[in-house]
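Structural overview
Residues per chain, in single letters:
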Amino acid sequence: MSRRRIRILIAKPGLDGHDRGAKVVARALKEAGMEVIYTGLHQTPEEVVAAAEQEDVDAVGLSVLSGAHTHLFRRVCELLNERSMDDVIVFGGGIIPEEDIPELLRAGVKAIFTPGTSTREVIEFLEEAIGSRSTS
Amino acid sequence: MKKPLAPDRPHSANDLAERVLAGDVRAAARLISLAENEPAQIRSPLQKLFPHTGKAHIIGITGAPGVGKSTLVDQLVERLRSRGQSVGIIAVDPTSPFTGGAILADRLRMQRHGTDSGVFIRSMATRGRLGGLARATSDGVTVMEALGKEVIILETVGVGQDEVEVAKYAQTTVVILAPGLGDEVQAMKAGIMEIGDCFVVNKADREGADRAVSQIQSILALKELGEGDWSPPVLRTVATTGDGLEELVGTIDRHLDHFTATGEMERFRLLKSRADFMSVLEETLSQYVLEEMLSDGALERIVESIASREVDPYTAAEEILARLQA
């Protein structure tokens, strides 16, 4: 009898102090029946990855509005790889210019949600990505 | 549906046990997930870990929502680390009874310890368990001990009056309150006011701290203590600044010494073992009955016959028992 729940880490790396978006997503995922670990503002990539490891999450969601997204996302993906945690899905949101997205995807980010995205889309992405990964 | 180390491969669960004993954090995290998701799969790895456990000092931190439990835990960890002790933390938050989801945010206040390899923080949702902890909390303690953690802190959900389970699992229970609870402290006479080995009035820089301390003291004074019994002190802290933390750590140390010196430790080991065994026994038995005897709609048929008053719940359960004995 499996009682598995999807576990997601929502973190805000970097220096900007706007966490409303992250909180809205955290709440929506909870409403969708997921367990959301919320670590708050000003996280370093090292802290994000350590939390992902200890909490054994299926996915890490990063919210960045400071403009430093390329560096922060890439660093989180690198650290996950170093720890053989590349099966953890990385997704992100925030104010991220369209032209930066391809590079983020190449770095290992699985999806980027820009302002205006409905939380339903995020939930569907996670259910799909986590479901398909576990059967592979 | 789980990651590469899938629970349908029991040998991989045993590998996890070996890796935990070798200090592998990720394996420990996986094993705790397994305890939460697939309790049947934890049996064999736990068997391997069990002989390596039973020595850690387990500290329970409990209290109403918003009194500052997580911030206090953060400060406590700081002091335990400064004297070189490795620390595991299980922080429990409630599961939504409606969606099954949860927001686990205790870690937010402890993140500065997140990258310290001497600290392992695990957030856990109650998943419907009452009592202040999660069903997998006890297994989580076993895993953290096997990983080598010397002190394990159990932070309960924000509790009301009656969620006292932590006292069964922690040698030292710290009950946190805050000023301004007023007469509610009086109403707490039963339940959590009886389990504290130490009471803390946090946010003691706020108005009403003196009154809170004296209220707690007056409740504690009602308890008759025998000679040599531990008398729970009432401390003041300001967790955001760390004021009063040295005294709290000192009190926790003294309590552990007292516990060990007076033979309380032995009694605690028996109580905890009983709680562990009863919980697993209940679960194993009810799962057996549900899967072996009440599958294929039998449970629903019994429920309907109780609803229509053809049979009462006691008689229905007796009938199941009779079938078990046959």
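Conventions adopted
Each chain carries its own residue numbering, running from 1 in the direction its sequence is written. All chains are assigned letters beginning at A, and all ligands numbers beginning at 1, according to the order in which they are written. Selection of residues for local features in this predicted model requires a pLDDT of at least 70, selection of side-chain atom pairs for listing and counting requires 80 or more, and totals for whole chains, interfaces and linings are taken over all residues. Computation of side-chain values: all heavy atoms of the structure, hydrogens and water removed. Helix and strand assignments follow DSSP, with helices taken as H or I runs no shorter than four residues and strands as E runs no shorter than two, numbered in order from the N terminus. Throughout this description, buried means an accessible area under 20% of the type-specific maximum (1.4 Å probe, protein chains only), exposed means over 50%, and partly exposed covers the range between. Contacts: residue pairs with any heavy atoms within 4.5 Å of one another. By the counting rule applied here, Lys and Arg register as positive and Asp and Glu as negative, while His and the ends of each chain are not counted. In this description, the location of a charge corresponds to atom NZ of lysine, CZ of arginine, CG of aspartate or CD of glutamate. Buried surface area refers to the total accessible area, computed with a probe of radius 1.4 Å, that the two partners give up upon joining, counted for both partners together. By definition, a salt bridge exists where a carboxyl oxygen of Asp or Glu is found within 4 Å of a side-chain nitrogen of Lys or Arg. Counted as a polar contact is a pair of N or O atoms within 3.5 Å, where, for protein atoms, one must be capable of donating a hydrogen and the other of accepting one, and residues adjacent in sequence contribute only when both atoms are in side chains. Residue classes follow a fixed rule: Ala, Val, Leu, Ile, Met, Phe, Trp, Tyr, Cys and Pro count as nonpolar, while Asp, Glu, Lys and Arg count as charged, and any other residue, Gly among them, counts as polar. Paired strands, as defined in this entry, are two strands with at least two bridges between them according to DSSP. The pLDDT score gives, residue by residue, the confidence of the prediction method on a 0 to 100 scale. What marks off one domain from the next here is an automatic or database domain assignment. Note on geometry: axes are lines fitted to C-alpha atoms, helical ones only across the stretch in contact, with angles between N-to-C directions running from 0 to 180 degrees. Should an angle fall under 35 degrees it is taken as roughly parallel, and over 145 as roughly antiparallel, whereas 65 to 115 is taken as roughly perpendicular and any remaining angle as oblique.

**Examining the overall build of chain A**
Regarding its fold elements, chain A presents five helices and five strands. Helices (α) and strands (β) of chain A occur, in sequence order from the N terminus, as β-α-β-α-β-α-β-α-β-α. A principal-axis box enclosing the C-alpha atoms of chain A has dimensions of 45 × 30 × 25 Å. In chain A, buried positions account for 57% of the 136 residues. Relative to all contacts within chain A whose residues are 6 or more apart in sequence, the contacts with residues 24 or more apart total 71%. Of the side-chain charges in chain A, 16 are positive and 22 negative, and the distance between the mean point of each set is 5 Å.

**Structural notes on the interface of chain A and chain B**
At the junction of the two partners, chain A supplies 35 residues and chain B supplies 39 residues. Buried area between chain A and chain B, summed over both chains or domains, comes out near 3200 Å², and the portion from carbon and sulfur atoms is 47%. When the buried area of chain A at its contact with chain B is split by residue, Arg3(A), Gln54(A) and Asp56(A) rank highest and sum to 23% of it. With a shortest N-O distance of 3.4 Å, Asp87(A) and Arg30(B) are connected by a salt bridge. Scanning the region where chain A abuts chain B turns up 21 residue pairs in polar contact (both at pLDDT 80 or more). At the level of elements, α1 (20-31), β2 (35-43), α2 (45-55) and α5 (119-135) of chain A are the ones that each hand at least two residues to the side of chain A that touches chain B. Of the residues contributing to the side of chain A that touches chain B, the split by class is eleven nonpolar, eight polar and 16 charged. Pairing geometry for β2(A) and strand β3 (residues 102-104) of chain B, over three bridges, is parallel. Looking at β3(B), one finds that Ile37(A) is bridged to Leu104(B).

**Regarding the confidence of the model for chain B**
On average, residues of chain B score 91 in pLDDT, and 94% of them reach the 70 mark or higher. Low confidence marks residues 1-10 of chain B, where pLDDT is under 50. Its contacts with residues over four positions away, or in another chain, come to 26 contacts.

**A look at the pairing of strand β5 (residues 151-158) of chain B**
All names here are of chain B. Among the eight residues that make up β5, seven are buried, leaving the element largely enclosed by the rest of the structure. Sheet topology note: the strand β1 (residues 57-63)/β5 ladder contains six bridges and is parallel. In the strand pairing of β5, Ile61 is matched with Glu155. Here strand β2 (residues 87-93) pairs with β5 via five bridges, running parallel.

**Re the domain arrangement of chain B**
All names here are of chain B. Assigned domains of chain B: these are domain 1 (1-51), domain 2 (53-262) and domain 3 (273-325). Computed over C-alpha atoms only, the centres of domain 1 and domain 2 are separated by 27 Å. Taken together, the 19 residues of domain 1 in the interface contact 15 residues of domain 2. Regarding the contact of domain 1 and domain 2, the summed buried area is about 1500 Å², with carbon and sulfur atoms giving 62% of it. Taken as a group, Ile32, Glu36 and Leu46 account for 38% of the area that domain 1 buries against domain 2, more than any other trio of residues on that side. Our count for the contact surface shared by domain 1 and domain 2 stands at two salt bridges. With its nearest N and O atoms 4.0 Å apart, the salt bridge here joins Arg127 to Glu36. Elements represented by at least two residues in the side of domain 1 that touches domain 2 include exactly α1 (10-21), α2 (25-37) and α3 (43-49).

**A word on the environment of Val289(B)**
All names here are of chain B. If you trace the backbone, Val289 turns up in helix α10 (residues 264-293). The class of Val289 is buried, set by a relative accessible area of 14%. For the pair Val289 and Ile320, spaced 31 residues apart in the sequence, the C-alpha separation amounts to 8.1 Å.

**Focus: the sheet that holds β2(A)**
The strand order across the open sheet built from six strands is β5(A)-β4(A)-β3(A)-β1(A)-β2(A)-β3(B), with neighbouring strands paired in parallel fashion. Strands with a single pairing partner mark the edges of an open sheet, and in this sheet they are β5 (111-113) of chain A together with β3 of chain B. The average angle at which neighbouring strand axes cross in this sheet is 25 degrees, direction not considered. Taken together, the six bridges between strand β3 (residues 59-64) of chain A and strand β4 (residues 89-94) of chain A define a ladder with parallel strand orientation. Across the sheet, residue Ala59(A) finds its bridge partner in β4(A), namely Ile89(A).

**Some words on the packing of helix α4 (residues 69-82) of chain B against helix α9 (residues 245-261) of chain B**
All names here are of chain B. Viewed as axis vectors pointing N to C, α4 and α9 meet at an angle of 75 degrees, and their least axial separation amounts to 10 Å. Accordingly, the angle class assigned to the pair α4 and α9 is roughly perpendicular. Contacts between α4 and α9 pair Leu72, Gln75, Leu76 and Arg79 from the former with Leu245, Glu246, Leu248, Val249 and Ile252 from the latter.

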